[in-house]
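If you want the building blocks of each chain, they are given just below.
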Amino acid sequence: MAILQKEDGSKLTDLQSIVQELAPLGITLNYWSIGDNPQLHQLLAQDSLNDTEKETVLSHLDHYFKELSERAGYTSRDLIVLHPEVPNLDTMLSKFDKVHTHADDEVRYIVAGEGIFGFVRPDGSQVELTVQPQEYINVPAGTQHWFILTPAQRVKAVRYFCGTTGWVPEYTDIKIRVGREVVSV
Ligand SMILES: [Fe+2]
């Protein structure tokens, strides 16, 4: 289940309370079951997946993609698989660990592992949301956010896209406060 950490260090784990805290940002956070197909579960338990295996995982979950396509015009999806042995993992992650926005919504369905989305709320306060398996998140276009992995550095997530543009991060120069050690000098 998702965990929301606020700047004062307090944490929320109840989905309804988390949804309420994120409401000013227009973020959608839903529970989406991955079902009980044994082949899917076996693939999700592997560290790395080849292209064929990724496509098999996606095909098991394409009823969600179909629904998004029909309801909101989504045109493509892929599966991102990150773990500590992925070459240049840190370089890849460093693009997204600073506060940024996108011209399109950032839509993710976490199917294994976990990741942390940070957000700057309209009042300037910051929160960090740990998103866990079977959780779908839609971060609206223009939302100031960042993304990092937890210390395990493992996540498998389906990414949904409306088009090929709008995906470049626009950095906003805001300093991240939440979730960081405060060093006093
Ligand atoms: Fe992003």
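Residues numbered from 1 in each chain as written. Predicted model: local features only at pLDDT ≥ 70, side-chain atom pairs only at ≥ 80, totals over all residues. Heavy atoms only, no water.

Here we take up the overall build of the protein. When helices and strands are counted, the protein shows five helices and 12 strands. Expected size for 185 residues packed as a compact globule is a radius of gyration near 16 Å; at 16 Å, the protein falls within 12% of this value. By its C-alpha atoms, the protein is 50 × 35 × 35 Å across when sized along the principal axes. Looking at the protein residue by residue over its 185 residues, the buried ones come to 45%. Summed over all atoms, the accessible surface of the protein reaches about 9700 Å², with 52% contributed by carbon and sulfur. Computing the positive centroid from 16 side-chain charges and the negative centroid from 26, the protein places the two 2 Å apart. (Helix = DSSP H or I, 4+ residues; strand = E, 2+ residues; numbered from the N terminus. Rg over C-alpha atoms; globule rule 2.2 N^0.38 Å. Buried < 20%, exposed > 50% of the residue type's maximum accessible area, 1.4 Å probe, protein only. Areas by Shrake-Rupley, 256 points an atom, 1.4 Å probe, with all protein chains shown as cover. Lys, Arg positive; Asp, Glu negative; His and termini not counted. Charge placed at Lys NZ, Arg CZ, Asp CG, Glu CD.)

In this structure, His 100 (NE2), His 102 (NE2), Glu 106 (OE) and His 145 (NE2) serve as the protein donors to the iron ion, at separations of 2.1 to 2.2 Å. Between the four donor atoms coordinating the iron ion, the angles at the centre fall across 84 to 167°, so the site counts as irregular. Counting along the primary sequence, the residues that act as donors to the iron ion give the motif H-x1-H-x3-E-x38-H. (Donors = N, O, S within 2.8 Å, 3.2 Å for Na, K, Ca; no water. Tetrahedral: all angles 85-135°; square planar, octahedral: opposite > 155°, others 65-115°.)

Time to look at helix α2 (residues 38-45). Those residues of α2 not exposed but buried are Leu 40, Leu 43 and Leu 44. Viewed along the axis of α2, the buried residues span an arc of 100°, placing them on a single side of the element. Among the exposed residues of α2, those oriented more than 90 degrees off its buried face are Pro 38, Gln 42 and Ala 45. For α2, the side-chain oxygen to backbone nitrogen distance between the N-cap and Gln 39 is 2.9 Å, and the N-cap itself is Asn 37. (Arc of directions from axis to C-beta. Polar contact = N/O pair within 3.5 Å; in protein donor to acceptor, adjacent residues only side chain to side chain.)

What follows is about the environment of Lys 175. For Lys 175, the position within the fold is in the segment after β12 (170-171). C-alpha separation for the pair Lys 175 and Val 99, spaced 76 residues apart in sequence, amounts to 7.5 Å.

Now for the side chain of Ser 125. Within the secondary structure, Ser 125 sits in the loop between β7 (115-120) and β8 (126-131). The exposure class assigned to Ser 125 is buried, which follows from its relative accessible area of 16%. Among the polar contacts listed, one links the side chain of Ser 125 to the side chain of Asp 123, at a separation of 2.6 Å. Setting aside chain neighbours within four positions, we find Ser 125 in contact with Glu 7, Phe 119, Val 120 and Arg 177. (Contact = heavy atoms within 4.5 Å.)

Honestly, that's just the spatial picture; any functional story needs more than this.
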